[in-house]
Amino acid sequence: MRHSSFFVPAVVLALGGAAFAQDARPAPLQRQVEQLYRSQQRAQAERLLASAPRAATWQAHRGVEVRAVFHSRAKGLTIEAVRKPKHEGELLVAVPPGTWAKPCTDKRYEDWPCPQDLLLIRARVLRLAPGQQRASVTLPVACAAFRRQGPRPTRAYTLQLAQPGSKLDRLAQLLCAKELGHERDPELALAVWIAHEGLGYERLKQSAGFHTFRTPRKKVSVEHGRAAARLLREAGLEPAHFEFFKVQGYRPAPKAKAKRAQPARKESKPAPKRPADLS
């Protein structure tokens, strides 16, 4: 199977073999669902999808076949939805927070070393207008496995969903909502490794040369522990429960106490001047 047609820098729709840029003004439902994802209201987004005909998440949609291919470190993973026969009208296919991708392996050669698992750090909704046969989007990803090599372009992947409420799922919802810039990739990567694999402090400290997945790549070190802890806490996870911070002796910084308003001081009136001694 050839996957070169998947490589697009942005959302692309194809109709009859010709490609068209997706309308910059998404359908109202598409926009509403994406806004709910950005505000960490995934359950409400799912209820909204369930209320609309021919709209669902990628794993529940009956009108499309979903494929995934690794594009590049800079761009991420390309996800394509292809319309199935006899499914007409507008189709909306959501890629929700908590989606990650596992490489398709070749059992003949055991496919060693196994490429990197990829966690999507952005959530989107694909829209197929009536008569359009396919839609695709390329979304940024983070590596989910600490010691695996990155995949090569054209590598096929299978989409998975993190266990709802799991550590990885809760962190993924936060990351998709924040859409962090490249400058925060080290803390993002470390937070994922800690939440998903229980990465330990000493293991990272003794391993030289580990870098972030996206380009430009940055080195990840134990010095990024406190920033990663802040991300975990924002996701509702207690850093002190992870081995990384137990070994490090990490203690959450105490919350700043609100300063009590001090009563305004009364200005003292100057003492009356004594008349000059004229004697």
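For the structure itself, look to the data block above.
In this report, we go over the structure that sits alongside the text.

## A closer look at the overall build of the protein chain
- A count of helical and extended segments in the protein chain gives seven helices and 12 strands.
- Expressed as a percentage of the 279 residues in the protein chain, the buried residues total 46%.
- Accessible surface computed for the protein chain: about 16,300 Å², of which carbon and sulfur atoms make up 50%.

## Describing the pattern of salt bridges
- Tallied over the entire structure, the rule returns 11 salt bridges.
- Of the charged contacts in the structure, one is a salt bridge between Glu187 and Arg184, with a shortest N-O distance of 2.9 Å.
- Accessibility expressed as a relative area gives 12% for Glu187, which makes it buried.
- Between Lys246 and Glu243 there is a salt bridge, with the nearest N and O atoms lying 3.7 Å from each other. Linking Lys246 with Glu243, this pair stays in helix H7 (residues 243-248), spanning three residues, or about one helical turn.
- Residue Glu243 is classed as partly exposed on the basis of its relative accessible area of 45%.
- Within this structure, Glu65, Arg67, Glu80 and Arg134 form a network of salt bridges that share partners.

## Observations regarding the packing of helix H3 (residues 167-178) against helix H4 (residues 185-197)
- Running from N to C, H3 and H4 cross one another at 160 degrees; their axes reach a closest spacing of 8 Å. With respect to their mutual orientation, H3 and H4 come out roughly antiparallel. For the element pair H3 and H4, the recorded crossing hand is right-handed. Between H3, through Lys167, Leu168, Leu171 and Leu175, and H4, the contact on the second element is made entirely by Leu188, Ala191, Val192, Ala195 and His196.
- Its residues assigned to classes, the contact of H3 with H4 shows seven nonpolar, one polar and one charged.

## Quick look at unusual backbone geometry
- At the junction of Thr215 and Pro216, the peptide bond is cis and its omega measures out at 0 degrees in the coordinates.
- Turning to its location among the elements, Pro216 is positioned in the loop between helix H5 (201-206) and helix H6 (225-234).
- Within the chain, Gln40 stands out as a residue other than glycine whose phi angle is a positive 60 degrees.
- Structurally, Gln40 can be placed in the loop between helix H1 (28-38) and helix H2 (42-50).

## A closer look at the side chain of Thr99
- With respect to the element layout, Thr99 can be found in strand S7 (residues 99-103).
- Exposure remark for Thr99: the relative accessible area of 0% places this residue in the buried category.
- One polar contact links Thr99 to Trp58, side chain to side chain, over a distance of 3.2 Å.
- Among the polar contacts listed, one links the side chain of Thr99 to the backbone oxygen of Pro96, at a separation of 2.8 Å.
- Excluding residues within four positions of it along the chain, Thr99 makes contact with Trp58, Leu119, Leu120, Leu159, Gln160 and Leu161.

## Side note on the sheet that holds strand S9 (residues 124-128)
- Here we have three strands laid out as an open sheet, ordered S3-S6-S9, and mixed in their pairing. In this open sheet, the two edge strands, each paired with only one partner strand, are strand S3 (55-57) and S9. Across the sheet, the mean angle separating the axes of adjacent strands is 20 degrees when strand polarity is ignored.
- In the sheet, strand S6 (residues 91-95) pairs with S9 via five bridges, with the strands oriented antiparallel. By the bridge assignment for S9, Val93 is matched with Leu126.
- Its contacts with the sheet place H1 against S3, S6 and S9, and it is angled at close to 165 degrees to S9.

The rules behind these values
Residues numbered from 1 in each chain as written. Predicted model: local features only at pLDDT ≥ 70, side-chain atom pairs only at ≥ 80, totals over all residues. Heavy atoms only, no water. Helix = DSSP H or I, 4+ residues; strand = E, 2+ residues; numbered from the N terminus. Buried < 20%, exposed > 50% of the residue type's maximum accessible area, 1.4 Å probe, protein only. Areas by Shrake-Rupley, 256 points an atom, 1.4 Å probe, with all protein chains shown as cover. Salt bridge = Lys/Arg side-chain N within 4 Å of Asp/Glu carboxyl O. Axes fitted to C-alpha atoms, helices over the stretch in contact; angles between N-to-C directions. Parallel < 35°, antiparallel > 145°, perpendicular 65-115°, else oblique. Left-handed = near helix turned anticlockwise from the far one by under 90°. Contact = heavy atoms within 4.5 Å. Nonpolar A, V, L, I, M, F, W, Y, C, P; charged D, E, K, R; others polar. Polar contact = N/O pair within 3.5 Å; in protein donor to acceptor, adjacent residues only side chain to side chain. Pairing = 2+ DSSP bridges.

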